[in-house]
Amino acid sequence: LTYDIKITEVTGEFTEEEIKNFDYDMLIFSTPTGVQYLSKSFPNFKEKDVKIACFGPATAKAVQDAGLRLDLMAGTKEYPSMITALTDFLKKSKA
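Cut-offs applied
Residues numbered from 1 in each chain as written. Predicted model: local features only at pLDDT ≥ 70, side-chain atom pairs only at ≥ 80, totals over all residues. Heavy atoms only, no water. Buried < 20%, exposed > 50% of the residue type's maximum accessible area, 1.4 Å probe, protein only. Helix = DSSP H or I, 4+ residues; strand = E, 2+ residues; numbered from the N terminus. Arc of directions from axis to C-beta. Contact = heavy atoms within 4.5 Å. Pairing = 2+ DSSP bridges. Axes fitted to C-alpha atoms, helices over the stretch in contact; angles between N-to-C directions. pLDDT = per-residue confidence, 0-100. Salt bridge = Lys/Arg side-chain N within 4 Å of Asp/Glu carboxyl O.

Glancing now at helix α2 (residues 32-41). Buried residues of α2: V35, Y37, L38 and S41, and no others. Across the axial projection of α2, the buried residues extend over an arc of 160 degrees, all falling on one side. Residues T33, Q36 and K40 are exposed on α2 and point more than 90 degrees away from its buried face.

Set out below in structure tokens:
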């Protein structure tokens, strides 16, 4: 089992090709601004099978305010880092 991790730094608008080829298993947001950028760039985005993760309660609120389903949150007592949260999430999803 392998995971292809793509780290994307948003520095401007998505290109037409990036929008057309949007294919991710999970989106991880570290700030509310990232959630707002997704909503702006993909106004009709529906998560379907895409998992949504975030770091911290402010970003979790932004995810929920955007009408998205929050599947995983790091920055908590249980999951102080995104690595611990992802490791547990992946273990549970394999079961």
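The structure having been displayed, the exposition proceeds.
Our next topic: helix α3 (residues 57-65). For α3, every residue scored as buried is listed here: T59, A60, A62 and V63. Buried residues in α3, looked at end-on, bunch into an arc of 160 degrees, giving them a common side. The outward face of α3, more than 90 degrees from its buried face, is lined by the exposed residues P57, A58, Q64 and D65. Of the surrounding elements, those touching the buried residues of α3 are β1 (26-29), α2, β2 (51-55) and β3 (72-74).

Summarising the element assignment, E47 is placed in the loop between α2 and β2. E47 sits in the buried class, given a relative accessible area of 10%. Setting aside anything within four residues of it in sequence, one finds E47 in contact with I52, G67, L68 and R69.

Let us now look at the sheet that holds β2. Spatial ordering of the open sheet is given by β1-β2-β3, a layout of three strands whose pairing is parallel. Edge positions in the open sheet fall to β1 and β3, since each of these has one partner strand only. Recorded for the sheet is a direction-independent mean angle of 15 degrees between the axes of neighbouring strands. Looking at chain direction, β2 and β3 are connected through three bridges and run parallel. Note on β3: the bridge partner recorded for A53 is L72. Together, β1, β2 and β3 form the strand contacts of helix α4 (residues 82-94), whose direction differs from that of β3 by roughly 150 degrees.

Below, the discussion takes up the confidence of the model for the chain. Residues at a pLDDT of 70 or more form 84% of the chain, whose mean pLDDT is 84. Between the elements of the chain, mean pLDDT differs from a low of 76, seen in helix α1 (residues 16-20), to a high of 96, seen in α3.

This part covers the pattern of salt bridges. The final tally for this structure, using the stated rule, is four salt bridges. As a salt-bridge pair, K61 and D65 come within 2.8 Å of each other at their nearest N and O atoms. Taken together, the residues K61 and D65, both in helix α3 and four residues apart, mark about one turn of the helix. Of the charged contacts in the structure, one is a salt bridge between R69 and D71, with a shortest N-O distance of 2.7 Å. With relative accessibility at 24%, the residue D71 sits in the partly exposed group. Beyond isolated ion pairs, a larger network of salt bridges with shared partners links E47, R69 and D71.

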